[in-house]
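# Working through the structure, step by step
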Amino acid sequence: MRIKLVSIHSAHNYGSVLQAYALQEKLKQYSEEVEIIDYRPNYFETQYKMFSLRVYKRYKGIFNKILHLGWRTLKWKKRYTKYKKFEDFMKENYHLTQKYTTFQQLVDNPPEADIFFTGSDQLWNTDITEGFDKTYYLEFVGNDKIKASYAASLGRNKIDLQYQKEYEEALQKLDYIAVREQEAQLELQTYANKKIWVTIDPTLLHEKQMWDKLVQKSKVKLKEKYIFVYILEENEEFVKIVNEISKYLDLKVVSISKKKRFEREEIYAEAGPEDFIYLFQNAEFVITNSFHGTVFSLIFEKRNCIIPHLKTGARMCNLMKKIGLEQRIITKLEDLDLVKITQEIDYVTVKKLLEKERKNAENYIETVLKNNGK
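First, a word on scope: everything that follows refers to the structure included in this document. Each chain carries its own residue numbering, running from 1 in the written order of its sequence. In keeping with the model being predicted, local features are shown solely for residues with a pLDDT of at least 70 and side-chain atom pairs are shown and tallied solely at 80 or more, while totals for entire chains, interfaces and linings include all residues. To obtain the side-chain values, all non-hydrogen atoms of the structure were used and water was disregarded.

All right, on to the overall build of the chain then. Labels follow the DSSP assignment, with helices taken as runs of H or I lasting at least four residues and strands as runs of E lasting at least two, numbered in each case from the N terminus. Check the secondary structure of the chain and you find 14 helices and twelve strands. Only C-alpha atoms enter the radius of gyration, while the globule expectation follows 2.2 Å times N to the 0.38, with N the number of residues. Its C-alpha radius of gyration of 21 Å places the chain within 12% of the 21 Å reference for a compact globule of 374 residues. For the chain, the spread of C-alpha atoms along the principal axes amounts to about 60 × 55 × 40 Å. Counting the 374 residues in the chain, one finds 56% classified as buried. We call a residue buried when its accessible area falls under 20% of the maximum for its residue type, exposed when it is over 50%, and partly exposed in between, using a 1.4 Å probe and counting protein chains only.

Next up, the structure:
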């Protein structure tokens with residue numbers, strides 16, 4: 001049984017590469033022939049190249065463009081170190097098909113498989129894919145093959161209505177649909193005439209023992225205890241909360257940010273995927289506004305404080321509520337109870353709840369695989 005997977009796998013983003021790797025490894029438990037379709041559209045690739053004129057479009061005015069160019073030049077060595085770590089991770093851990101850069105290339109020369117999966121991550125978010133990308137709905141695959149999504153995310157509660165027709169047509173052609181959020185399930189049920197499952201992010205399909213293997217490849221070695229902070233957006237309340245917890249626990253802050261934000265901070269801006277996991281594994285406490293930051297704090301059974309991302313915070317809030325840890329969601333400094341937030345977490349109960357979610361996800365995958373062939 002040959003399985004092919006299309007995902008957002010090549011973005012130099014910790015969550016993207018690790019979720020793709022996790023789903024690949026899970027599917028390998030069912031088949032020896034699993035490959036990620038090496039689809040690398042230009043709208044993703046140009047964002048992560050060492051040199052690309054495209055990145056300057058977001059900066060208004062010639063002065064800002066020159067300023068950013070100067071910053072990128074000064075940080076060249078660290079940027080290259082991080083870039084190489086991501087490329088090496090993909091080379092060493094992915095099983096890839098030939099490279100494709102457009103949907104048409106996939107139509108003209110489609111990869112061969114019995115079952116195709118699309119997922120996870122926000123590959124159904126038209127903002128991220130710069131429009132409706134048919135690749136992520138497996139529209140290059142013939143109707144004689146099984147086509148399924150796994151934990152696909154819209155990244156929002158509602159679809160972009162200008163692509164309503166495309167969504168309707170694409171969902172009808174999928175044999176099985178699984179999304180990551182309940183809101184997406186409710187939204188897409190309107191456009192699909194079949195059951196829509198809700199399955200957990202692929203990173204949660206594995207316990208910490210699998211991730212430990214990757215940690216061994218990290219060259220980061222920290223002797224002092226620390227709070228690991230993974231921040232994805234500017235947020236004044238986030239900074240205030242981190243500083244208060246750092247003072248209360250008398251621990252320094254370790255981050256992978258591009259600039260210093262916190263009072264006692266050590267930055268590893270060139271951290272690769274293995275380093276990222278190491279920093280979670282060895283932290284005393286985790287503070288994040290990232291969904292995958294939340295996930296890895298749970299995988300490694302860390303005390304945590306979740307400060308919802310202002311735009312995409314629903315995902316992490318839903319996850320924390322599902323496992324009974326909503327009291328660890330803090331939005332403002334005035335809501336912070338230092339005694340409660342620094343208490344140990346009952347991970348025996350949490351693990352039982354996560355195991356239930358894993359079993360549901362495995363049941364979905366097995367349902368898809370049982371129908372190999374049409």
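Another point: the nonpolar core. Generally speaking, nonpolar side chains in soluble globular proteins are found buried as a group. Buried Ala, Val, Leu, Ile, Met, Phe, Trp, Tyr and Cys residues that are joined via side-chain atoms within 4.5 Å together make up what is termed a nonpolar core. The biggest cluster of nonpolar side chains holds 71 residues, and the ones touching the most others in it are Phe-117, Tyr-150 and Trp-211. Ranked by size, the runner-up nonpolar core spans 35 residues in total, among them Ala-11, Tyr-39, Tyr-137 and Ala-184.

Counting buried positions along strand 2 (residues 33–39) gives five out of seven residues, so the element sits mostly inside the fold. With four bridges connecting them, strand 1 (residues 2–6) and strand 2 associate as parallel partners. Counterpart to Lys-4 in the pairing with strand 2 is Glu-35. Taking the sense of rotation as the criterion, the β-α-β connection linking strand 1, helix 1 (residues 14–27) and strand 2 turns out right-handed. The pairing of strand 2 with strand 3 (residues 96–100) spans three bridges and is parallel. Looking at the pairing, Ile-36 lines up with Leu-96 of strand 3. Between any two strands, at least two bridges found by DSSP are needed for them to pair. By the criterion used throughout, a crossover qualifies as right-handed when its path from the first strand across the helix to the second strand runs clockwise, the strands pointing away from the viewer.

Time to look at the sheet that holds strand 3. Reading across the sheet, the five strands line up as 3-2-1-4-5 and stay open at both edges, with parallel pairing between neighbours. Among the strands making up the open sheet, the edge pair consists of strand 3 and strand 5 (146–149). When the angles between neighbouring strand axes are averaged without regard to direction, this sheet yields 20°. Strand direction decides the pairing type here: strand 1 and strand 4 (residues 115–118), joined by four bridges, are parallel. In the sheet register, Lys-4 faces strand 4, and the bridge partner there is Phe-116. For helices, the axis comes from a line fit to the C-alpha atoms of the stretch in contact; other axes are also lines fit to C-alpha atoms, and the angle between any two N-to-C directions lies between 0 and 180 degrees.

With that settled, consider the side chain of Thr-126. Mapped onto the fold, Thr-126 is located in the loop between strand 4 and strand 5. Two residues qualify as a contact provided that any one of their heavy atoms is within 4.5 Å of a heavy atom in the partner residue. Other than its neighbours up to four places away in sequence, Thr-126 contacts Gly-131, Phe-132, Arg-156, Asp-160, Tyr-163 and Tyr-167.

Once that is clear, we can look at the state of the cysteines. Put simply, a disulfide is two cysteine sulfurs that come within 2.5 Å. In this structure the tally under the stated criterion is zero disulfides. No disulfide involves Cys-305; its sulfur sits 11 Å from that of Cys-317, the nearest cysteine. The class for Cys-305 is buried, based on a relative accessible area of 0%. By relative accessible area, which is 13% here, Cys-317 ends up buried.

Turning to the layout of surface pockets, a few remarks are in order. By volume, the second largest pocket is sized at about 350 Å³. What lines the second largest pocket is a set of 15 residues, among which Lys-85, Lys-217, Ser-218, Lys-219 and Asp-275 lie closest to the centre. The residue inventory of the lining of the second largest pocket, partitioned by class, reads three nonpolar, three polar and nine charged. Here the term cavity refers to a set of points on a 1 Å grid, laid over the protein atoms alone, in which a 1.4 Å probe fits but cannot get out; the term pocket refers to an open set having protein on both sides within 12 Å along at least five of seven lines, with lining residues being those that place an atom within 4 Å of a point. Grid points are joined across faces, edges and corners, and a volume is the space filled by probe spheres set on the points. Gly counts as polar in this scheme, as do all residues outside two lists: the nonpolar Ala, Val, Leu, Ile, Met, Phe, Trp, Tyr, Cys and Pro, and the charged Asp, Glu, Lys and Arg.

Here the focus is the sheet that holds strand 10 (residues 265–267). Ordered in space as 10-9-8-11-12, the five strands form an open sheet in which the pairing is parallel. Each having just a single partner strand, strand 10 and strand 12 (303–306) make up the two edges of the open sheet. Ignoring strand direction, the axes of neighbouring strands in this sheet form an average angle of 25°. Relative to strand 12, strand 11 (residues 285–288) runs parallel, the two sharing four bridges. Its bridge partner being in strand 12, Phe-285 is matched across the sheet by Arg-303.

A few words on the pattern of salt bridges. Criterion for a salt bridge: a side-chain nitrogen of Lys or Arg within 4 Å of a carboxyl oxygen of Asp or Glu. Overall, the coordinates contain 25 salt bridges when judged by the stated rule. With a shortest N-O distance of 3.4 Å, Glu-187 and Lys-158 are connected by a salt bridge. On the criterion of sequence distance, the pair formed by Glu-187 in helix 7 (residues 182–188) and Lys-158 in the loop between strand 5 and helix 6 (164–173) is long-range, its members being 29 residues apart. With a relative accessible area of 7%, Glu-187 lands in the buried category. On the accessibility criterion, Lys-158 (54% relative accessible area) is exposed. Two residues, Glu-344 and Arg-303, come together in a salt bridge whose shortest N-O distance is 3.8 Å. Of the two residues, Glu-344 is situated in the loop between helix 13 (338–341) and helix 14 (347–370) and Arg-303 in strand 12; the sequence distance between them amounts to 41 residues.

Turning to helix 6, a few remarks are in order. Of all the residues in helix 6, the buried ones are Tyr-167, Ala-170 and Leu-171. The arc enclosing the buried residues of helix 6, seen along the axis, measures out at 95°, which places them on a common side. Elements that come into contact with the buried residues of helix 6 comprise strand 6 (177–179) and helix 7. In this description, the arc belongs to the directions extending from the helix axis to the C-beta atoms.

A few words on the packing of aromatic side chains. For Phe, Tyr and Trp, rings pair up if their centres lie within 6.5 Å, where Trp contributes its six-membered ring, and each pair is then called stacked (planes under 30 degrees apart), edge-to-face (over 60) or tilted (otherwise). Enumeration over the complete set of coordinates arrives at 24 aromatic pairs. Note on Trp-211 and Phe-296: the rings are 5.0 Å apart at their centroids and 80° apart in plane angle, and the pair reads as edge-to-face. Taken together, the residues Trp-211 in helix 8 (residues 208–215) and Phe-296 in helix 11 (residues 291–299) connect sequence positions 85 residues apart. There is no split in this pair, since Trp-211 and Phe-296 are both buried. An angle of 80° between the planes, with centres 6.4 Å apart, marks the rings of Phe-228 and Phe-276 as edge-to-face. Here the residue Phe-228 occupies a position in strand 8 (residues 226–230), and Phe-276 occupies one in helix 10 (residues 273–281), the gap between them amounting to 48 residues. Phe-228 gets classed as buried once you look at its relative accessible area, which sits at 0%. Among the aromatic side chains, those forming a connected cluster through ring pairs are Tyr-14, Tyr-21, Phe-86, Phe-89, Tyr-94, Trp-211, Phe-228, Tyr-230, Phe-276, Phe-280 and Phe-296. Charge over a ring is defined by NZ of Lys or CZ of Arg lying within 6 Å of the ring centre and within 35 degrees of the ring normal. Residue placement shows Lys-195 over the ring face of Trp-197; its charged tip is 4.0 Å from the ring centre.

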